[in-house]
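Architecture at a glance
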Amino acid sequence: MGKAEKGTPKDLANKMKAKGLQKLRWYCQMCQKQCRDENGFKCHTMSESHQRQLLLFAEDPDKYLDSFSEEFLEGYESLLKRRFGTKRVHANNVYQEYIQDRDHVHMNATKWETLTDFVKWLGREGRCLVDETEKGWYVAYIDRDPETIRRQKQMERREKFEKDEEERMQEFINRQIELGRAKQGEEEKEYKELQRENEDEVISLDMKLPCSSKTLKGSSLNKNVLMAAPKSKPKVEEKVRKDIKKRTALDDIMKEEIESKKVKEQIAAKKNKVEKEEKSEIPWLAKGIVVKIVTEELGSKYYREKGVVRDVIDDYGAIVKLLDTGAKIKLDQMALETVIPSLKRKVLILAGKHRKKEAVLESIQEDSFSATLVLDDGQILTKIPYEHFSKLYTS
């Protein structure tokens, strides 16, 4: 009996019956066919199309196992990233949601026999954070997207800058409080009320007054001066003390404003420096150059590995094909560095006046971390920094 034509009632009925997850033992991964019962699966295994697929699998079983494993891994990680982000979640919960898709790759077709083996492999490869509890294995996705890594680094740098700014302002405030307390203590010690222990004691003043016949007429004037002296001295001292207090308060305000202005200038200068550093990232990636992975966030498997830039994305990202394994990875230029070839080998200039021009490495100056290059037209370029050129890939 032939297959029902698309769109017919029989085809719709078959789809309704086949909807949802069915028994795994009646599913053929090579043919991607789900059978409803044991009899249907037996008929399928005896079919000519299934026999052809088995012959193909027998020729290169590792190829198909790796392919199914890669599809399973991609689907599981995609669901984990999209559905749960970087949250810690039970591994079986993610798997149960993954197998709800009728066309998913079954685990018995991969190189992992159980979900536990798969989760342990994720932890060893550094793809996820895994831990085992009494309730089972838990996983947390590690986001290694270059844009996400760049945003995280910028956020960390900005948070550090804001924290330094708050600490500096707090130190300035604490210093002003200590100065205020110290000055308050000095004023209390310096200015005290004038008290006379002996009322009969005579206070004498050494005042040099001009002698005149009109002003000095006997001892009565001297007596009046001596009698008035004790009463006038506290007023003079009080006036001087008020002037000192006013002058001290004004000086404190001016000093605080000057120090506050200096702190604001330092903060503004540091902020401008951070912004300049963020804007100073000049794109240097170019197609066809050899680069080295210098970030440890991808795991030890890729650290210090060399690859070829196959394509440049948005000036700052690149698709890198590893030389050893042939794997392709999307990376940011912050995770890469240039590669210096042996002498007389071809390089590509990545910055400066001769950007994107090919040259030959003539010599290396290790003390200045630079090199001498020779362009195709014979022109010699000296003192070119290591990061301004990289090895050209030759197959």
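Placed above this text is the structure.
So, a few notes on the structure that sits alongside this text. (Residues numbered from 1 in each chain as written. Predicted model: local features only at pLDDT ≥ 70, side-chain atom pairs only at ≥ 80, totals over all residues. Heavy atoms only, no water.)

Points about the environment of Leu115
We apply this condition: Counting from the N terminus, the helices are DSSP H or I runs at least four residues long and the strands are E runs at least two residues long. Burial classification: accessible surface area is computed with a 1.4 Å probe over protein chains only, and a residue below 20% of its type maximum counts as buried, one above 50% as exposed, and the rest as partly exposed. We call two residues in contact when some of their heavy atoms are within 4.5 Å.
Summarising the element assignment, Leu115 is placed in helix H6 (residues 115-124). A relative accessible area of 18% places Leu115 in the buried class. A sequence separation of 20 residues divides Leu115 from Tyr95, and the C-alpha atoms of the two residues are 8.3 Å apart. The contact partners of Leu115, leaving out residues within four places of it in the chain, are Ala91, Asn92, Tyr95 and Met107.

Some words on the pattern of salt bridges
Note the threshold: Put simply, a salt bridge is a Lys or Arg side-chain nitrogen that is within 4 Å of an Asp or Glu carboxyl oxygen.
Applying the stated criterion across every chain, the model contains seven salt bridges. As a salt-bridge pair, Glu337 and Arg304 come within 3.9 Å of each other at their nearest N and O atoms. One end of the pair, Glu337, is in strand E10 (residues 336-338); the other, Arg304, is in the loop between strand E6 (290-293) and strand E7 (306-313), with 33 residues separating them in the sequence. Ionic contacts of the salt-bridge type, sharing partners, join the residues Lys346, Glu358 and Asp376 into one network.

What to know about the sheet that holds strand E5 (residues 136-141)
Put simply, the rule is: Strand pairing is assigned whenever DSSP detects at least two bridges linking the two strands. Fitting a line to C-alpha atoms yields each axis, with helices limited to the stretch in contact; the angle taken between N-to-C directions then spans 0 to 180 degrees.
Strand order across the open sheet formed by three strands is E3-E5-E4, with antiparallel pairing between neighbours. Both edges of this open sheet fall to strand E3 (88-90) and strand E4 (128-133), since each of them pairs with a single strand only. Taken over all neighbouring pairs, the strand axes of this sheet differ in orientation by 30° on average, direction set aside. Relative to E5, E3 is paired through three bridges, and the arrangement is antiparallel. In the strand pairing of E5, His90 is matched with Tyr138. Running over the sheet, helix H5 (residues 91-98) touches E3 and E5 and is turned about 70° from E3.

A closer look at the pairing of strand E13 (residues 370-375)
Looking along a regular strand, one sees side chains alternate from face to face of the sheet. Buried residues dominate E13, accounting for five of its six residues. By the bridge criterion, six bridges tie strand E12 (residues 358-365) to E13 in an arrangement that is antiparallel. Along E13, the bridge assignment pairs Leu361 with Leu373. In this antiparallel pair of consecutive strands, E12 and E13, the connection spans four residues, and Phe369 shows a positive phi of 55°. Between E13 and strand E14 (residues 380-385), which pair antiparallel in sequence order, lie four residues; one of them, Gly378, sits at a positive phi of approximately 95°.

Here we look at H5
Just so we agree on the cut-off: The arc in question is traced by the directions running from the helix axis to the C-beta atoms.
Taken residue by residue, H5 has Ala91, Val94, Tyr95 and Tyr98 as its buried positions. Looking down the long axis of H5, one finds its buried residues gathered within 100° of arc, a one-sided arrangement. Considering only its buried residues, H5 is in contact with helix H4 (61-84), E3, H6 and E5.

Brief notes about a nonpolar patch on the surface
Operational definition: Each patch is assembled from residues with relative accessible area greater than 30% and no salt bridge, linking like charges that lie within 9 Å and nonpolar side chains (Val, Leu, Ile, Met, Phe, Trp, Tyr) that lie within 5 Å. Working definition of accessibility: Shrake-Rupley area with a 1.4 Å probe, residue cover restricted to the visible protein chains.
Taken together, Ile340, Leu343 and Ile364 make up a surface patch of nonpolar side chains, about 220 Å² in accessible area. Mapped onto the fold, Ile340 is located in the loop between E10 and strand E11 (346-349).

Comments concerning the side chain of Lys292
Along the polypeptide, Lys292 turns up in strand E6. Discounting residues that sit within four places of it in the chain, Lys292 has contacts with Arg304, Glu305, Lys306, Ala335, Leu336, Glu337 and Val339.

Some points on the layout of surface pockets
Where we set the bar: Only protein atoms enter the 1 Å grid used here, on which a cavity is any set of points holding a 1.4 Å probe that cannot leave and a pocket is any open set flanked by protein within 12 Å on both sides along at least five of seven lines; residues with an atom within 4 Å of a point are listed as lining. Grid points are joined across faces, edges and corners, and a volume is the space filled by probe spheres set on the points. Ten residue types, Ala, Val, Leu, Ile, Met, Phe, Trp, Tyr, Cys and Pro, are classed as nonpolar, four, Asp, Glu, Lys and Arg, as charged, and the remainder, Gly among them, as polar.
In this structure, the second largest pocket occupies an estimated 860 Å³ of space. Broken down by secondary-structure element, the contributors of at least two residues to the lining of the second largest pocket are H4 and strand E9 (328-332). In terms of residues, the lining of the second largest pocket owes the most to one element, H4, which gives six residues. Here the residues of the lining of the second largest pocket sort into 11 nonpolar, four polar and 13 charged.

Topic: the environment of Phe161
With respect to the helices and strands, Phe161 occurs in helix H7 (residues 146-190). In this structure Phe161 comes out as buried when scored by relative accessible area, which is 10%. In this structure the C-alpha to C-alpha distance between Phe161 and Ile267, which are 106 residues apart in sequence, comes to 9.0 Å.

What to know about unusual backbone geometry
A positive phi angle is found at Arg304, which is not glycine, with a value near 65°. Exposure remark for Arg304: the relative accessible area of 39% places this residue in the partly exposed category. Phi is positive for Lys356, close to 70°, though the residue is something other than glycine. In this fold, Lys356 is placed in the loop between E11 and E12.

Focus on the nonpolar core
Quick reminder of the rule: By nonpolar core we mean a set of buried residues, namely Ala, Val, Leu, Ile, Met, Phe, Trp, Tyr and Cys, connected to one another through side-chain atoms within 4.5 Å.
Among the nonpolar cores identified, the biggest contains 28 residues, and Phe72, Tyr76, Leu80 and Phe118 are the most heavily contacted of them. Within the residue set of this core, elements represented by two or more residues are H4, H5, H6 and E5. Examining the composition of this core, we find that seven residues originate from one element, H4, more than from any other. Sequence-distant contacts of Phe72, that is, excluding residues within four places in its chain, are made with Tyr95, Tyr98, Val105, Met107, Thr110, Trp112 and Phe118. Judged by nonpolar contacts, the second largest core, of 18 residues, contains Tyr302, Ile329, Leu336 and Leu392.

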